[in-house]
Amino acid sequence: MWTAKSLCSAQILLLRLKEGQLYSCTFPKTHHFWIGIPNSCTVRPPRTRVKFQVSKVNDKQSVVDRSAASAEGTKIPVGKSSSGVHDGSHHSLEAQMKHINLSFAACGFLGIYHLGAAAAFYRHGKKLLTDVKAFAGASAGSLTAAVLLAVPENIEQCKHFAYGFAEEVRKLNFGAVTPGYDFMKTLREGIESILPANVHEIAENRLYVSVTNSKSGENRLVSNFSSREDLIKVLLASSFIPLYAGIKPVEYKGEKWVDGGLTNGLPILPFGRTVTISPFSGRLDICPQDKGRVDLYVKLAKQDMMLSLANLVRLNQALFPPDQEKMESLYQNGFDDAVRFLLKENWFE
C-alpha cells in the first residue's frame, strides 16, 4: 500500500489543476510533459468505448449485451469491424500471447474489487486461467493473487472475511491506527483460515509477491517458498504499512520487510503479457473508467493512475474502509470490469 504516501502529492496536483495552472499549457494529443512531482503525465485523445451491460454477480448466469458503439454511434458485434468482417484483433491473447500473467495492484481495503474480478475469472474465464503462467501482486493484490492461484473456490469465503475485517476497523475510533488494535493479527488469522496446507507448493515459481526491504528500500519479487509459513510471512510483509499496521516490520529470512506497494504497487513480469487489475482508474487492463475533461495520469509506485477526484476518494477508502453497501458495490464493479475484459479479448465463457 502506497496510499498514505501518494495521497498528499495527488491532492496538491489536483489543486493546481483546479486553479488552472495546468490548463494554461498547450497539450498536443500525444505530447508527454513533466509536472511538479517526478511523475510523467499524458493527455489522451477520445476513443471509442465498448459498452457492455452485465447482470448482478449473484444471478445464476450473467446476461451480457455484446455490442459496441462505433464512433458514428452504430452498434457492431464485438470482434468485427464496422464492415462486418472479423478483424482478429480480439484474438490477440489466444493467438499471439500464450504466456499470460495476472497482476493485482496494491490497494488496501479496496482489495474487495480484486475479489470481484477474481470471481469473474473463476466463473467466466476458465480458458484464460488455464493459460495463466504466473500470478503477481502487491499488498492486498498479492492476497487475491494467492487465493486465485491456490484456492479459487474460497473466493466467497475471502469476500466475507474482507467484509468482516472492514467492519471491525470501521468501528474503531481511529481506524486501524487505534492504540491497542492488532491489524496484523487479524490479517494473519484470515490468511491462515483460507489458504490450504500445500499452498507453498502450488505457489512455487508461479506466485510473485512484491515486498520492500525496510533497511535498503529496495523492492523484491519473492516467488520461492520453502513452507506455508514462509509464504504467509511474505504475504503479511507485502501488506505491512509502517505505523498503520504496526511498529515492527515483518521478519523473513533474517531481514525485515514492509509493504511492497511502497516501491512496486503493480508488478509487471518480464516474460509474456501481464494483464493488470486495479480498483484505481488508469492505463490498465481492468479498472474503473473515470471521465474527465482531460486524461491526466500520474505514476505512483509504478502504476499509471488517472488524476481524478474519484481516485482521491479511493485512496482514502483504501486505508479507511467504506460502509458495507459501498464494499458490496466495489465487489460488483470488479466483477463487471473483469467480464468486460474477458468479452473484449474473447475469453468469456
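Everything here concerns the structure above.
The structure contained in this document is the topic of the report that follows. Just so it is clear, the structure is predicted and the values come from calculations on it, not from any experiment.

**Quick word on the packing of aromatic side chains**
This model, assessed by the stated rule, comprises 6 aromatic pairs. Ring geometry for Phe109 versus Phe165: centroids 5.4 Å apart, planes at 70 degrees, classification edge-to-face. In this pair, Phe109 sits in the loop between strand E5 (100-104) and helix H3 (111-124) while Phe165 sits in helix H6 (residues 155-170), placing the two residues 56 residues apart along the sequence. Across this residue pair, the class does not change: Phe109 and Phe165 are buried. Here the aromatic rings of Phe161 and Phe165 are separated by 5.5 Å at their centres, their planes lie at 40 degrees, and the arrangement is tilted. With a gap of 4 residues between them, Phe161 and Phe165 both fall in helix H6, about one helical turn apart. Ring pairing ties together the aromatic residues Phe109, Phe161, Phe165, Phe183 and Tyr244, which thus form one cluster. One Lys or Arg, Lys159, reaches over the ring of Tyr331 and ends 4.7 Å from the middle of that ring.

**Concerning the environment of Met305**
Along the chain, Met305 falls in strand E13 (residues 303-306). For the pair formed by Met305 and Ser278, sequence separation is 27 residues and the distance between their alpha carbons is 9.5 Å.

Criteria and cut-off values
Counting restarts for each chain: residues are numbered from 1 in the order of the written sequence. The model is predicted, so local features are restricted to residues of pLDDT at least 70 and side-chain atom pairs to those at 80 or more, both for listing and for counting; the totals for chains, interfaces and linings are taken over all residues. Only hydrogens and water are set aside; all other atoms, that is, all heavy atoms of the structure, feed into the side-chain values. Pairing of aromatic side chains requires ring centres within 6.5 Å, counting the rings of Phe and Tyr and the six-membered ring of Trp. Pairs whose planes differ by under 30 degrees are stacked, by over 60 edge-to-face, and all others tilted. Comment: elements are numbered from the N terminus, with helices defined as DSSP H or I runs of at least four residues and strands as E runs of at least two. Note on classification: 1.4 Å probe, protein chains only; a residue is buried when its accessible area is under 20% of the maximum for its type, exposed when over 50%, partly exposed between these limits. Either the NZ atom of lysine or the CZ atom of arginine qualifies as a charge over a ring when it sits within 6 Å of the ring centre and within 35 degrees of the ring normal.

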